[in-house]
2 protein chains.
Amino acid sequence: MGLTPTERAAHYATRSARFAKVSPKHLEYFKSVLDLPCSATQRKGKMLTEAQATAPYNIDWMGQVQGCTPAVLLPTCTKQVSEILRYCQNERLAIVPQSGNTGLVYGSEPVFDELVLSTQLMNAAPIVSRSTMSVEAESGVILQQCQEACEKEGMLLPLTMGSKGSAMIGGNVSTNAGGIHFARYGSMHTNVLGLEVVTAKGDVLNTMSTLRKDNAGYDLKHLFIGSEGTLGVVTRAAIKLFPLPRSKQTAIFRIADFESVVALYHLAQEHLAECLSAFEVMDGESLAISPAAQVPYERISKNDVFREGKDFTAAYFCVLVETNGSSEEHDFEKLSVFVESAQTRLGEKLDGGGKYEPILSQSAAQTAQLWELREGVPVHLASRGLIYKYDVSFPIDKFYLIVEYTRELLYRQHRMNPEEVIVVGYGHFGDGNVHLNVVDLTRSHTEELDAALYPAVYEFCAAHGGSISAEHGVGLQKRDHLHLSRTPETIQLMKALKGMIDPNGILNPYKVLPLDE
Amino acid sequence: MGLTPTERAAHYATRSARFAKVSPKHLEYFKSVLDLPCSATQRKGKMLTEAQATAPYNIDWMGQVQGCTPAVLLPTCTKQVSEILRYCQNERLAIVPQSGNTGLVYGSEPVFDELVLSTQLMNAAPIVSRSTMSVEAESGVILQQCQEACEKEGMLLPLTMGSKGSAMIGGNVSTNAGGIHFARYGSMHTNVLGLEVVTAKGDVLNTMSTLRKDNAGYDLKHLFIGSEGTLGVVTRAAIKLFPLPRSKQTAIFRIADFESVVALYHLAQEHLAECLSAFEVMDGESLAISPAAQVPYERISKNDVFREGKDFTAAYFCVLVETNGSSEEHDFEKLSVFVESAQTRLGEKLDGGGKYEPILSQSAAQTAQLWELREGVPVHLASRGLIYKYDVSFPIDKFYLIVEYTRELLYRQHRMNPEEVIVVGYGHFGDGNVHLNVVDLTRSHTEELDAALYPAVYEFCAAHGGSISAEHGVGLQKRDHLHLSRTPETIQLMKALKGMIDPNGILNPYKVLPLDE
């Protein structure tokens, strides 16, 4: 899953000979660096070398890529990170930066015997400023704790996602994390005001600032946002905050076809405009696997039809709409007008001739329930079988094509059985970000699925104006498909940048950039 | 003005010997490239060599920097731009990209005999898409025309500024243009979805895309946004659009002191939140020079006090607040509640004991009038004398310090006369972006002012957590002060990037980056 066996073998077979092997001398040096307490907090760093202690740092969240690091280094300050990286660059020691290790593209684990640099201990309490409407946080601060610190001061840190309880600021910045509120509040490129980064040569690049406008030369922080720890290690970030919304409203719709989902989205833009904060889509199939009690509408799965191989469109879609605003009364009125207008414009497509009225949440408990429905989808899917996850993006009118294509591919071309392998689509519609999930309920079709899906799914993205990575990044998983979303000139410039900033290629090797022929 | 005589001399004295002189052979080559019609439009490019024709391309908007280009090249397509730059790189010919030429930091004119590459003829009609909520525009499209094309389709291109009738998309992107709606809608880093750029070696880097989420490798477009044409020439951009607001409301306040301006801003964040689209501040002095008919409140200038040298704070401030939203009724209600709450909280500070009631605009005409007041400030100032313009940013609570400091510097330290030299401050408060203007009414104090202001003003920024450039960029004007806002490591990496992407340094030389010792 994720990588085909051939791909896996290829990755594991190519440990680069340019890297040195970690020796006792190296470990001694790291120990001496980490033993010097941080000047601000007096906290010492740590080094783990016991197999049991290093195990969780050696494997990805989905258990697919397993490295064998000789040591995990846990610095407590930027100076230690700088000394470690300078030494690694000089000694040609490969090293992987890691924070929450919740990524889904095998980007933060060692592939072979790379060292791990974990920023977990760099987790001083975030500094929240009402005056500058920003938060300054170290790399190892857990996203949810950072959100809570901001909320306490009446401010919103809008970045949020399922993994918020484990994901950390350093990884959020390094992967340009997206999430549910992206369409309303923007990306990390948008919201990071300043960064402190240690580059692959050990230089500390300090662009920390909470200024909103700052056009003094090249804006270098963008080089490190989303480059997945291959150019530098993010040690601190200043992030823009927003007024905490006083009103949060949610509604759910059951819609007959995809065309009507698009129409509903344009209506939402028109009526909800500045308060629209989420527009999440789930197809009927992704809900068919959820506990019946959670799904507020009658569930019809189209698996019967898929078996005939005639129609690969979902039986129906559910849309979860959220507004964030400063007035409960105004937002509720906007949402009501939006619902009425949708009923007029979409008629039966929206409510199945009165059978499926839109549901406006009446309480915080009901809102939580509706969000559980959405957030439960990946969890329920994962519990049912072996899961293939794709995070891709398209222009919104093509959002669902990839799901239909994958069904066609598996059921018609590869004659797989829809009762054994299910294909579902859900995601952040406003961003064109579709999460295509293929679940092998029998856990017995791995080879067939590997062969059928790679690289067909990514090639479909390329052919339809999509991106092979919407929000998860490239990591090891999509490295060899990068050319499908980027031109040769663009990849060449990425490689030139990597070569300049990390001349020995020690930082997070094998990831993001295609290997040279 | 802008540059001290010494600085000017230094710039003009150092034409780099590494560049070749333009010869007839070179011009012949350019003519042959420009004579090949663009494959899409069949339009040929142009070359201007007559002094009269090249004159407007040789001088900046404020008439301060005057080059002597031998030729202005006006390509009509990306292929021509690519061939020109590849040739210039190989032949070591210095060349300056130019679009609207409205910049204020001497960034888009030749300093010596550089060629000019104008993108003015790359101005095909912008492609507006309602489905992807984006516009694709060539470099030479005038901002206002692009705004209008979007409006026709019911969409908002939020970038706007005084120079919108001449400024062009290429320059807007290259300088990361800010403007009035920045705090609400974000920067060009936020809103540019994709770019086509010709790098300094002539490679076409195509990252054009209208996808909202696209984490496939390093996001290289950010390298070219805001790097002021020193790394590549922007030929096309895809920019994010927003729903056209149905309601636009404006109010103006007269406030007794700066502390109350800050308090008013925090109240606006609380009450107007998602609809706040501008919060512009003008000090009493900047209005004292406007035609009396335009200023809706009694004007008191503090020049009397400044003469005594005792108190350098403005006599009062005017604040212009704008909301953009989807419901006239809701926005008006929010604005009314905000005004009431401000009156309760700020009392006399806000309305001078009932003398200066806040004015809520009652009509489109009145709104236009209030905006004319704001947009007239730089115009009226420029008409009164020789003007020194500073575009700097600070944390908002320090927004006005620089104006008070400059008064102290000129009136107390340099004993200048407030009746001859006026110092005013206005700007985009929400971004911390203050436009400090010093006007020499007598046009006779140039040497004194040059000596007093440089580099004192920029050093003050550095010492108070500000930036020497908020939105105008660095250009030639602030190049030698860049170190005040950026660390040595950061400047070093900027230079390394420049060296890698433009090995012969031919593109927009002498600008942005400090010269090597």
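What counts and what doesn't
- Residues numbered from 1 in each chain as written.
- Chains lettered and ligands numbered in written order.
- Predicted model: local features only at pLDDT ≥ 70, side-chain atom pairs only at ≥ 80, totals over all residues.
- Heavy atoms only, no water.
- UniProt positions renumbered as here; feature names shortened; annotations may be inferred.
- Pairing = 2+ DSSP bridges.
- Helix = DSSP H or I, 4+ residues; strand = E, 2+ residues; numbered from the N terminus.
- Axes fitted to C-alpha atoms, helices over the stretch in contact; angles between N-to-C directions.
- Buried < 20%, exposed > 50% of the residue type's maximum accessible area, 1.4 Å probe, protein only.
- Contact = heavy atoms within 4.5 Å.
- Buried area = accessible area lost by both parts, 1.4 Å probe.
- Salt bridge = Lys/Arg side-chain N within 4 Å of Asp/Glu carboxyl O.
- Polar contact = N/O pair within 3.5 Å; in protein donor to acceptor, adjacent residues only side chain to side chain.
- Least-squares fit on C-alpha atoms with pLDDT ≥ 70 in both.
- Parallel < 35°, antiparallel > 145°, perpendicular 65-115°, else oblique.
- Left-handed = near helix turned anticlockwise from the far one by under 90°.
- Nonpolar A, V, L, I, M, F, W, Y, C, P; charged D, E, K, R; others polar.

As recorded in an unreviewed UniProt entry, chain A goes by Actin interacting protein-like protein and comes from Leptomonas seymouri. In its Cofactor (unreviewed entry) section, the UniProt record describing chain A reads: "FAD". Looking at the Sequence similarities (unreviewed entry) heading of the UniProt record, one finds this comment for chain A: "Belongs to the FAD-binding oxidoreductase/transferase type 4 family."

A. Examining the sheet that holds strand 9 (residues 204–206) of chain A more closely. Residue and element names in this part refer to chain A. Taken together, 5 strands build an open sheet; the order of strands is 5-6-10-8-9 and the sheet is antiparallel. The sheet is open, and its two borders are formed by strand 5 (127–129) and strand 9, each paired with just one other strand. Between one strand axis and the next, the sheet turns through 15° on average, direction left out of account. Looking at chain direction, strand 8 (residues 192–199) and strand 9 are connected through 3 bridges and run antiparallel. Its bridge partner lying in strand 9, Glu196 is registered against Asn206.

B. Spatial organisation of the sheet that holds strand 4 (residues 115–118) of chain B. Residue and element names in this part refer to chain B. In space, the 4 strands of this open sheet follow the order 1-2-4-3, with mixed pairing throughout. One side of each edge strand has no neighbouring strand; the edge strands of this open sheet are strand 1 (46–48) and strand 3 (95–98). Taken over all neighbouring pairs, the strand axes of this sheet differ in orientation by 20° on average, direction set aside. One ladder, built from 3 bridges, connects strand 1 with strand 2 (residues 72–74); its direction is antiparallel. Paired with Met47 across the two strands is Leu73, which belongs to strand 2.

C. Highlighting the environment of A:Cys77. Residues and elements named next belong to chain A. Turning to its location among the elements, Cys77 is positioned in the loop between strand 2 (72–74) and helix 4 (78–91). Residue classification places Cys77 among the buried positions, given a relative accessible area of 12%. Sequence separation between Cys77 and Pro514 is 437 residues, and the spatial gap between their C-alpha atoms is 32 Å. Apart from residues lying up to four places away in sequence, Cys77 is in contact with Cys38 and Met122.

D. Region of the structure containing the interface of chain B and chain A. Taken together, the 83 residues of chain B in the interface contact 84 residues of chain A. When chain B packs against chain A, close to 6,500 Å² is buried across both sides, 58% of that on carbon and sulfur atoms. Remark: the boundary between chain B and chain A carries 8 salt bridges. Across the salt bridge formed by A:Asp431 and B:Lys213, the nearest N and O atoms sit 3.0 Å from each other. The tally of links from chain B across to chain A stands at 40 residue pairs in polar contact (both at pLDDT 80 or more). Mapped by element, the contributors of at least two residues to the side of chain B that touches chain A are helix 7 (182–185), helix 8 (188–191), strand 9 (204–206), helix 9 (221–224), helix 10 (258–271), helix 13 (328–346) and helix 19 (488–501) of chain B.

E. Local environment of the relation of the copies chain B and chain A. With an RMSD of 0.0 Å, chain B superimposes on chain A once it is rotated by 180° and translated 0.0 Å along the axis. Taken together, the rotation and translation describe the operation of a two-fold axis. Using C-alpha coordinates, one finds that chain B approaches the rotation axis most closely at B:Thr190, a distance of 2.5 Å. In this assembly the copies share their binding face: 100% of the residues contributing to the interface of chain B also contribute to that of chain A.

F. Region of the structure containing the pairing of strand 13 (residues 276–283) of chain B. All names here are of chain B. For strand 13, a buried count of 8 out of 8 residues is recorded, marking the element as mostly surrounded by other parts of the structure. Alignment of strand 13 against strand 14 (residues 317–325), held across 7 bridges, turns out to be antiparallel. Each residue of the ladder has a partner; that of Met282, found in strand 14, is Cys318. In terms of strand pairing, strand 13 meets strand 17 (residues 421–428) through 3 bridges, oriented antiparallel. If you follow Val281 over to strand 17, its bridge partner there is Gly427.

G. Highlighting the side chain of A:Thr367. Residues and elements named next belong to chain A. Note that Thr367 resides in helix 15 (residues 364–384). Its relative accessible area of 13% is what places Thr367 among the buried residues. Dropping the residues within four chain positions of it, Thr367 is found in contact with Thr250 and Ser361.

H. Seen up close, the packing of helix 16 (residues 401–413) of chain A against helix 18 (residues 456–463) of chain A. All names here are of chain A. Running from N to C, helix 16 and helix 18 cross one another at 140°; their axes reach a closest spacing of 11 Å. When the axes of helix 16 and helix 18 are compared, the pair comes out oblique. The way helix 16 lies across helix 18 gives a crossing that is right-handed. Residues Leu401, Ile402, Tyr405, Thr406 and Leu409 of helix 16 touch helix 18, and the partners they reach there are Ala456, Val457, Phe460 and Cys461. Grouping the amino acids of the contact of helix 16 with helix 18 by side-chain chemistry returns 8 nonpolar, 1 polar and no charged.

I. View of helix 18 of chain A. Residues and elements named next belong to chain A. Taken as a whole, helix 18 has its buried residues at Ala456, Val457, Tyr458, Phe460 and Cys461. Those residues of helix 18 that are buried lie in contact with strand 16 (386–393), helix 16, strand 18 (433–440) and helix 17 (446–453). The first or second residue beyond helix 18 is Gly465, which carries a positive phi of 70°.

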